[in-house]
Amino acid sequence: MSQVEELKQNLKTQLQQAILSAGLAGEEEIPEIVIETPKDKDHGDFATNAAMQLARIAKKAPRAIAEDIAEHINYEEAAVEKLDIAGPGFINFFMKKDYLLDVVKTVLTQKENFGRSDYGKGTKVQVEFVSANPTGTLHLGHARGAAVGDSLSNILDKAGYQVEREYYINDAGNQIDNLTLSLEARYLQELDEDAVMPEDGYQGADIIGFAKEIVSAYGDRFKDADQEKRRAFFREYGLKRETDKLKDDLADFRVNFDNWFSESSLYEEDKIQPVLDELKQRRNTYEEDGATWFRSTEYGDDKDRVLIKNDGTYTYLTPDISYHKDKFNRGFDELINVWGADHHGYIPRMEAAIQALGYQKDQLTVQIIQMVNLFENGEKVKMSKRTGNAVTMRELMEEVGIDATRYFFAMRAPETHLDFDLTLAKSESNENPVFYVQYAHARICSMLRQADEKGYTIDADADLSILKSEKDHALMKKVGEYPEAIVDAARRHAPHRVTNYVYDLAQTLHSFYNAEKVLTEDESLTKARLALIEAVRITLQNALETVGVNAPERM
RNA sequence: GACCCUGUAGCUCAGCAGGAUAGAGCAGCCGCCUCCUAAGCGGCAGGUCGAAGGUUCGAAUCCUUUCAGGGUCGCCA
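Criteria and thresholds
- Residues numbered from 1 in each chain as written.
- Chains lettered and ligands numbered in written order.
- Predicted model: local features only at pLDDT ≥ 70, side-chain atom pairs only at ≥ 80, totals over all residues.
- Heavy atoms only, no water.
- Pairing = 2+ DSSP bridges.
- Helix = DSSP H or I, 4+ residues; strand = E, 2+ residues; numbered from the N terminus.
- Axes fitted to C-alpha atoms, helices over the stretch in contact; angles between N-to-C directions.
- Buried < 20%, exposed > 50% of the residue type's maximum accessible area, 1.4 Å probe, protein only.
- Contact = heavy atoms within 4.5 Å.
- Core = buried A, V, L, I, M, F, W, Y, C linked by side-chain atoms within 4.5 Å.
- Domains from an automatic or database assignment.
- Salt bridge = Lys/Arg side-chain N within 4 Å of Asp/Glu carboxyl O.
- Polar contact = N/O pair within 3.5 Å; in protein donor to acceptor, adjacent residues only side chain to side chain.
- Nonpolar A, V, L, I, M, F, W, Y, C, P; charged D, E, K, R; others polar.

Draft legend 1. Inspection of the sheet that holds strand 14 (residues 379-381) at higher detail. Taken together, the 3 strands give an open sheet; going across it, the order is 14-13-15, and neighbouring strands pair in mixed fashion. Two strands in the sheet have a free side with no partner beyond their single neighbour: strand 14 and strand 15 (418-421). On average, each strand axis in the sheet is inclined to that of its neighbour by 40°, with strand direction left out of account. Taken together, the 3 bridges between strand 13 (residues 372-376) and strand 14 define a ladder with antiparallel strand orientation.

Draft legend 2. Region of interest: the environment of Q370. You can see Q370 is positioned in the loop between strand 12 (364-369) and strand 13. Exposure remark for Q370: the relative accessible area of 18% places this residue in the buried category. Residue contacts for Q370: discarding those within four places in its chain leaves R144, A341, P414, E415, T416 and H417.

Draft legend 3. Examining the nonpolar core more closely. Membership of the largest hydrophobic core comes to 122 residues, with the highest contact counts inside it found for L11, F93 and F420. The element best represented in this core is helix 21 (residues 523-546), accounting for 12 residues. Excluding its chain neighbours within four sequence positions, the residues that come into contact with F93 are L11, L15, G44, D45, F46, A47, T48, I73, V80, K82 and L83. Counting 29 residues, the second-largest nonpolar core is a separate cluster that includes L276, W339, A353 and L364.

Draft legend 4. Looking closely at the domain arrangement of chain A. When cut into domains, chain A gives domain 1 (3-96), domain 2 (174-252) and domain 3 (430-546). The straight-line distance from the C-alpha centre of domain 1 to that of domain 3 is 31 Å. Every contact between the two is made by 7 residues of domain 1 and, on the other side, 5 residues of domain 3. Summed over the shared surface of domain 1 and domain 3, the result is 2 salt bridges. Measuring nitrogen to oxygen at the nearest pair gives 2.8 Å for the salt bridge that ties E484 to K8. Connecting domain 1 to domain 3 are 1 residue pair in polar contact (both at pLDDT 80 or more). The class makeup of the residues in the side of domain 1 that touches domain 3 is 1 nonpolar, 2 polar and 4 charged.

If you want it as structure tokens, here you go:
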């Protein structure tokens, strides 16, 4: 538990005792005490609405209750400097400042581990994200999914979960036959043969590129080869190259998976039929119109779903159910699937499936990623200027840079529609929030370099009690809030809580910088302020790392 | 027709397990570099929180209805 949490917890306990000893409520009646951090600093470090909550129980006016609590609370034990009763009955607490000094020491000691907590208690959670078909190039929406999935994984990890990132490769459906046939056609075309692309063939330039590779490596060896063998080769080749490309694109975007799970491995390892049998045994299936159906309506879906089509093949759902069963078999307590908004209609049937298999609905969370619209100079960008096709993730990375791209995607709530402002993301100016935050880090580094030249070292045991200005305290307080920001982001699957936090911290640092000097004639003051800004630097770096953004030393 | 997401300042968005005069950035206006990076800081102005009901001591936040924008409704994946 972080200092700030401990402090709040202790304050809660002391409040409960004060309420009891003032006879305002019995032990059974005390409501859950909520300690909040007021937005307005005139309202103290912390505030509680306990007096208002107690009004009905104690049958007294909230302000009178607040007076009673104020008389009975142990200031020393609660670490309260002074308190005010305000508004309709809020109690505002101004805390003793010692805890703030401890915050700085903690950061300097824990360094990159500052912000870690045991909130998740080691729960094993798997985050599955991107999982785009290996048949083409990653686009805007995938980029957002990648940024959110990776940031969320980092956040959960810091919040004390055991996290595994997984990519589900859809390498078994019709789309792979299509890929095979497309590649075969492109290959033959490269050899000036008369070959037509399949009706829904993949027109992407990547496939033409692969065909050229095959020609230069193998020549026309496959031209007259046995069709079955030839297609097996193209299938494998196409899949391998598409998957490698996905991995490269994602790695360059600073997204790395622990596991790439192949859909076809479910077939190879015979993991599908047993799950069908299990559903059948549990009477969750029935036969109709020559097909096998899953009775998903039993679990809240609005219609039943086909598992085996009347041509004897599986629908997409069938191996997917087996896949989710396999995830649980691998020991995960919770599953998080990050899906594009176009898949939201699929959620009820997946939830139905895991319940039919005996798991709890809340063991699966589907985090929907809403659509992204690109804007440049106020105009909606429909297509890439370079290719005339949809804008790819790689183009975005190259055009606006990885830091800005990652930050912009992390910056907004995942389930909201996103307007991505290319002009803003590319601008190297104060308008751009990424630069604003990175600048705070670079500014600190600059001061630290100069301190180093003057022979100063960072001293975790520096006497911080001489830091008494409002800006000093505001900065320490903001640093202390970081662990809570991470927990909050983890709890709500909300990476944007981290970008909001880091922006606030940068703002507090810039404000501090303009009001107070770090490198001064006063040696002990200088040492104390150096310790403080180093703590801020570490916190900025840790926070940026969770959203995949670099913390530069110079700008 | 059903379902999902979103309607908060001119623009882009926070805030939503109810709480104090609704916040930030950008854009606009006014100030601040003999001083550790002005990619910065301080200030001013700007909002019937889509609308209407309801619950509550208290609603941007919860409930109902309704309007608007986007998305999805396959024995495709």
